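# Geometric and topological summary
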Amino acid sequence: MAFEGKVAVITGAASGIGRGLAERGHALGLKLVLADRDAAAAEALAASLEGAIAVPTDVADPAALAALADAAWAAFGGVDYLFNNAGIMATGYSWEIDPARWDASIDVNLKGILHGIRAFVPRMIDQGRGHIVNTASVGGFGASPLMAPYSVTKFAAVALTESLHAELAMLGAPVRVSLLAPGPVKTAIFENPFGGAVNPATQRFVDELRHMLDSYGLEPGPFADKVYEAIAAGEFWIVPQPEALDPMLKARTETILARRTPEFSWNGGEPADA
Ligand SMILES: NC(=O)c1ccc[n+]([C@@H]2O[C@H](COP(=O)([O-])OP(=O)(O)OC[C@H]3O[C@@H](n4cnc5c(N)ncnc54)[C@H](O)[C@@H]3O)[C@@H](O)[C@H]2O)c1
């Protein structure tokens, strides 16, 4: 049993993918530290998973990640896995999205991961073991219109994860790294996605994304099972839905290598206000 008795810290644990990782991780025997800015939801989840603790955490705050590491080491004496999972969506034309929503996207989706790395990696090196799993998205490998803050921060999350991996390999450090790139998963991420004036194109785009989640998104539980299988197999690139990544990545790579201008095609026609 690869996970029995090991300790996992999960940010954004109270909903969606984080919750799936918590519930399936508990079934695999992990001891859990559930971190979320929604303290009540994290507490409620911890109460349902025997032995789990909840630590209210805003990943945008570096001090909160340091306090999270303190709490995890105090409770369990070590940490085997850190899932830097918390993330938010922002939609709209890049020039219309509120600067505060741009900042929040960078603070949560990118700097939240960075703060986690800064708080946990030195301690993992000291304890001689550990595994950091950073959540980007298939959207971290191909930029999308109408969600630029998400594309920008998910590309950055991929780059940060690759840099971290190279640094730890360079040092021969006993800490592993993985990049998790989900495709569509049925979660609450589109409940409040708008970051600017809502126009017909943005509304249609969000409706299409929600439809995509509803029609072929995975449920968080089965998605989490695939993540744990990939971790147990030692994978750096954790891509539970390759059908959502590979054709897009191949087309993008070929476009760049051929120095072709990227083309845009709206699935099924033109946006209403284009
Ligand atoms: N659902 C998908 O289709 C999908 C696809 C690709 C990538 N992802 C990524 O998966 C991760 C999880 O997303 P999800 O779909 O489960 O979303 P979700 O909205 O269901 O859950 C996100 C959780 O993160 C928490 N959170 C948000 N900001 C936080 C902060 N500042 N500090 C602490 N916690 C915070 C929320 O309270 C919530 O519990 C995100 O990084 C997201 O970008 C999701």
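Just above sits the structure.
An account of the accompanying structure is given in this report. (Residues numbered from 1 in each chain as written. Predicted model: local features only at pLDDT ≥ 70, side-chain atom pairs only at ≥ 80, totals over all residues. Heavy atoms only, no water.)

### Here we look at the pairing of strand E4 (residues 81-84)
Side-chain alternation along E4 places Tyr81 and Phe83 on one buried face and Leu82 and Asn84 on a second face that is also buried. One ladder, built from three bridges, connects strand E1 (residues 7-11) with E4; its direction is parallel. Note that in E4 the partner of isoleucine 10 across the bridge is phenylalanine 83. Note that E4 and strand E5 (residues 131-135) share four bridges and pair parallel. Note that in E5 the partner of tyrosine 81 across the bridge is histidine 131. Handedness of the crossover is the feature at issue here: the chain leaves E4, passes through helix H4 (residues 99-127), returns alongside E5, and the resulting connection is right-handed. (Buried < 20%, exposed > 50% of the residue type's maximum accessible area, 1.4 Å probe, protein only. Helix = DSSP H or I, 4+ residues; strand = E, 2+ residues; numbered from the N terminus. Pairing = 2+ DSSP bridges. Right-handed = clockwise from strand over helix to strand, strands pointing away.)

### Describing the packing of H4 against helix H5 (residues 148-171)
When two helices pack together, their arrangement is given by the angle between their axes and by how far apart the axes lie. Interhelical geometry of H4 versus H5 gives an angle of 15 degrees and a closest axis separation of 8 Å. One finds that H4 runs roughly parallel with respect to H5. Here H4 runs over H5; the crossing is right-handed. Residue-level contacts link Trp102, Ser105, Ile106, Asn109, Leu110, Ile113, Leu114, Ile117, Val121 and Ile125 of H4 to Ala148, Pro149, Tyr150, Val152, Thr153, Lys154, Ala156, Ala157, Leu160, Leu164 and Leu168 of H5. Counted by class, the contact of H4 with H5 contains 17 nonpolar, three polar and one charged residues. (Axes fitted to C-alpha atoms, helices over the stretch in contact; angles between N-to-C directions. Parallel < 35°, antiparallel > 145°, perpendicular 65-115°, else oblique. Left-handed = near helix turned anticlockwise from the far one by under 90°. Contact = heavy atoms within 4.5 Å. Nonpolar A, V, L, I, M, F, W, Y, C, P; charged D, E, K, R; others polar.)

### Quick look at the site of the ligand
Lining the immediate surroundings of the ligand are 28 residues, of which Ser15, Ile17, Asp36, Tyr150 and Thr187 lie closest. Between the ligand and serine 15 there is a distance of 2.6 Å, counted from an oxygen atom to a side-chain nitrogen or oxygen. Valine 59 places a polar main-chain atom, nitrogen or oxygen, 2.9 Å from a nitrogen atom of the ligand. For the ligand, the protein covers 93% of the area, taking 830 Å² as the surface of the free molecule. Where the shell around the ligand is concerned, the elements lending two or more residues are helix H1 (16-27) and H5. When the residues that make up the shell around the ligand are grouped by side-chain class, the tally is 14 nonpolar, 10 polar and four charged. (Near = heavy atom within 4 Å. Polar contact = N/O pair within 3.5 Å; in protein donor to acceptor, adjacent residues only side chain to side chain. Areas by Shrake-Rupley, 256 points an atom, 1.4 Å probe, with all protein chains shown as cover.)

### A few points about the packing of aromatic side chains
Scanning all chains against the criterion turns up eight aromatic pairs. Ring centres of phenylalanine 3 and tyrosine 81 lie 5.6 Å apart, and the angle between their planes is 50 degrees; on these two criteria the pair is classed as tilted. Of this pair, phenylalanine 3 sits in the segment before E1 while tyrosine 81 is found in strand E4, placing the two residues 78 residues apart along the sequence. Between tyrosine 93 and tryptophan 95, the ring centres sit 4.9 Å apart and the planes meet at 15 degrees, which makes this aromatic pair stacked. Among the aromatic residues, those joined into a ring-pair cluster are Phe3, Tyr81, Phe83 and Tyr228. The aromatic ring of tryptophan 73 is capped on one face by arginine 123, whose charged end is 5.4 Å from the ring centroid. (Phe/Tyr/Trp six-rings, centres within 6.5 Å; stacked < 30°, edge-to-face > 60°. Lys NZ or Arg CZ within 6 Å of the ring centre and 35° of its normal.)

### Observations concerning the pattern of salt bridges
Side-chain pairing between opposite charges can occur once the charged atoms of the two side chains come close. Applying the stated criterion across every chain yields a total of eight salt bridges. Ionic pairing is found between arginine 24 and aspartate 225, a salt bridge with its closest N-O pair at 2.6 Å. Taken together, the positions of arginine 24 in helix H1 and aspartate 225 in helix H7 (residues 220-232) put the pair 201 residues apart, joining distant regions of the chain. By relative accessible area, arginine 24 is classed as partly exposed at 31%. Judged by its relative accessible area of 29%, aspartate 225 falls in the partly exposed class. Put simply, aspartate 70 and arginine 123 hold a salt bridge, and the shortest N to O gap is 2.6 Å. (Salt bridge = Lys/Arg side-chain N within 4 Å of Asp/Glu carboxyl O.)

### What to know about the nonpolar core
The biggest cluster of nonpolar side chains holds 38 residues, and the ones touching the most others in it are Val9, Leu68, Val79, Phe120 and Ile132. If one sorts the elements of this core by residue count, H4 sits on top with seven residues. Every residue in contact with valine 9, bar those within four places of it in the chain, is listed here: Val33, Leu68, Ala72, Val79, Tyr81, Leu82, Phe83 and Phe120. Ranked by size, the runner-up nonpolar core spans 29 residues in total, among them Phe3, Ile10, Leu34 and Phe83. (Core = buried A, V, L, I, M, F, W, Y, C linked by side-chain atoms within 4.5 Å.)

### Regarding the sheet that holds strand E6 (residues 176-180)
Here we have seven strands laid out as an open sheet, ordered E3-E2-E1-E4-E5-E6-E7, and parallel in their pairing. With partners counted over all chains shown, the strands left at the sheet margins are strand E3 (53-56) and strand E7 (237-238), one partner each. With respect to the sheet, H4 is in contact with E1, E4 and E5, its orientation differing from that of E4 by roughly 170 degrees.

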